[in-house]
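# Tertiary structure, described
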Amino acid sequence: MYLPQLLKKAADGEKLTTLTCYDASFARILTECGVDILLVGDSLGMTVQGHDSTLPVSLADMIYHTAAVRRGAPSAFVMADLPFGSYQVSPQQAYESAARLMSAGANMVKLEGGAVMVDTVAFLVQRGIPVCAHLGLMPQSVNQTGYRTQAKDSKAAQQLITDACALEATGASLLLLESIPALLAAEVSKCLRIPTIGIGAGVDCDAQVLVLHDLLGLTEKPPRFAKDFMAETGNIRSAVQAYVAAVKAGRFPGPEHSF
Ligand code: KIV
């Protein structure tokens, strides 16, 4: 699948589903269960590699996992994270890193940051690389923010809206919003023409994403916004299908999974 087909689904009012995915077997299963976007997230630093943050993940790691996911799901829409340190120096550095992820099989790259990333987003988009921007809680900035809900006061909320509009204007095709108040995510989703993907951002985003290991009940201390779908279904396929059905019907996330 390519970006225009994905955006058409969202434009037709269908809620899009996203799950993180790091290997070929899960890529096949998630695709068979109807997941719209496979995110090769740098959360693999925690879920797969056992680190306590995403910071140690290298570009080589991301390329390895992106290629594995692509082999498992040849026609899936695959988004890959640009890891910490691989894109912040300059648009040129970002292009070189993003090109390697695209060559490994990604359809789109994701990067964290607001206004400071505008030139980089434009540089990538003008050269044929679709970009998903990531605002709110940005795990690559954990040393500044910790893992806390972001944009809770009106100044920070206004800054997030300004950043979101700037990223859209510069060519980002999707905007991921992590761990922000549901009302703010709803406002951003209403303001923007591009789809928003929420995680811990309420039900009014155009799409949802979860970390696969949280959904499967494998995470030791999952975030409050996550839901263990395995607990109520008992097997992997049913858990993923339950997540897909709940998102498509606007039943997940509920208020207990929002801020
Ligand atoms: O890396 C990742 O898994 C992510 C999610 C938190 C959305 O970016």
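These numbers were taken from a predicted model, which means no experiment stands behind them. (Residues numbered from 1 in each chain as written. Predicted model: local features only at pLDDT ≥ 70, side-chain atom pairs only at ≥ 80, totals over all residues. Heavy atoms only, no water.)

### Things to note about the environment of Val-116
Looking at the secondary structure, you find Val-116 in the loop between strand E4 (108-112) and helix H6 (118-126). Exposure remark for Val-116: the relative accessible area of 68% places this residue in the exposed category. Taking the C-alpha atoms as reference points, Val-116 and Leu-167, 51 residues apart in sequence, are found 9.7 Å from one another. (Helix = DSSP H or I, 4+ residues; strand = E, 2+ residues; numbered from the N terminus. Buried < 20%, exposed > 50% of the residue type's maximum accessible area, 1.4 Å probe, protein only.)

### Some words on the site of the ligand
Around the ligand, the structure places Thr-20, Leu-39, Gly-41, Asp-42, Ser-43, Asp-81, Lys-110, His-134, Leu-176, Glu-178, Val-209 and Val-211. The contact in question runs from an oxygen atom of the ligand to an N or O atom on the side chain of Asp-42, over 3.1 Å. Asp-81 is positioned such that a nitrogen or oxygen atom in its side chain is 3.0 Å from an oxygen atom of the ligand. Its free accessible area being 260 Å², the ligand has 95% of it covered by the protein chains. Among the residues forming the shell around the ligand, the class breakdown is four nonpolar, four polar and four charged. (Near = heavy atom within 4 Å. Polar contact = N/O pair within 3.5 Å; in protein donor to acceptor, adjacent residues only side chain to side chain. Areas by Shrake-Rupley, 256 points an atom, 1.4 Å probe, with all protein chains shown as cover. Nonpolar A, V, L, I, M, F, W, Y, C, P; charged D, E, K, R; others polar.)

### Focus: the pattern of salt bridges
Enumeration over the complete set of coordinates arrives at 10 salt bridges. Of the charged contacts in the structure, one is a salt bridge between Arg-28 and Glu-32, with a shortest N-O distance of 3.9 Å. Of this pair, Arg-28 and Glu-32 are both found in helix H2 (residues 24-32), four residues apart, which corresponds to roughly one turn of the helix. With a relative accessible area of 39%, Arg-28 lands in the partly exposed category. Glu-32 gets classed as partly exposed once you look at its relative accessible area, which sits at 48%. (Salt bridge = Lys/Arg side-chain N within 4 Å of Asp/Glu carboxyl O.)

### A closer look at the nonpolar core
Residues Leu-175 and Leu-177 are the most contacted members of the largest nonpolar core, which totals 70 residues. The greatest single-element share of this core, amounting to six residues, is contributed by helix H12 (residues 236-248). Sequence-distant contacts of Leu-177, that is, excluding residues within four places in its chain, are made with Leu-135, Leu-160, Ala-185, Val-188, Thr-196, Ile-197, Gly-198, Ile-199, Ala-201 and Cys-205. (Core = buried A, V, L, I, M, F, W, Y, C linked by side-chain atoms within 4.5 Å. Contact = heavy atoms within 4.5 Å.)

### So, unusual backbone geometry
Keep in mind that most residues, glycine aside, have a negative phi and that most peptide bonds are trans. Residue Pro-253 follows Phe-252 across a cis peptide bond; omega there is 5°. Among the structural elements, Pro-253 can be located in the segment after H12. Positive phi, normally seen in glycine, also occurs at Ala-151, with a value near 55°. Following the sequence through the fold, Ala-151 ends up in the loop between helix H7 (142-145) and helix H8 (154-170). Under the relative-accessibility criterion, Ala-151 is labelled buried at 10%. In this structure, Ser-179 is a non-glycine residue whose phi angle is positive, near 50°. Looking at where Ser-179 falls in the secondary structure, it is placed in the loop between strand E6 (174-178) and helix H9 (182-191). A residue is classified by how much of its surface remains accessible, and Ser-179, at 4% relative accessible area, is buried.

### Here's the deal with the side chain of Thr-120
Inspection of the secondary structure puts Thr-120 in helix H6. Filtering out sequence-adjacent residues up to four positions away, Thr-120 remains in contact with Ser-90, Pro-91, Ala-94 and Leu-111.

### Some words on the state of the cysteines
For the structure on display, the rule yields zero disulfides. Note on Cys-33: no disulfide assigned, nearest cysteine sulfur contributed by Cys-21 at a separation of 11 Å. Cys-132 takes part in no disulfide bond, and the closest cysteine sulfur, belonging to Cys-205, lies 11 Å away. On the basis of relative accessible area, Cys-132 is assigned to the buried category, the value being 0%. (Disulfide = S-S within 2.5 Å.)

### Section: the packing of helix H4 (residues 59-72) against helix H5 (residues 91-104)
At their nearest, the axes of H4 and H5 sit 8 Å apart, and the two run at 25° to each other. Relative to H5, H4 is oriented roughly parallel. For the element pair H4 and H5, the recorded crossing hand is right-handed. Every residue of H5 that contacts H4 at Leu-59, Met-62, Ile-63, Thr-66, Ala-67 and Arg-70 is listed here: Ser-97, Arg-100, Leu-101 and Ala-104. When the residues that make up the contact of H4 with H5 are grouped by side-chain class, the tally is six nonpolar, two polar and two charged. (Axes fitted to C-alpha atoms, helices over the stretch in contact; angles between N-to-C directions. Parallel < 35°, antiparallel > 145°, perpendicular 65-115°, else oblique. Left-handed = near helix turned anticlockwise from the far one by under 90°.)

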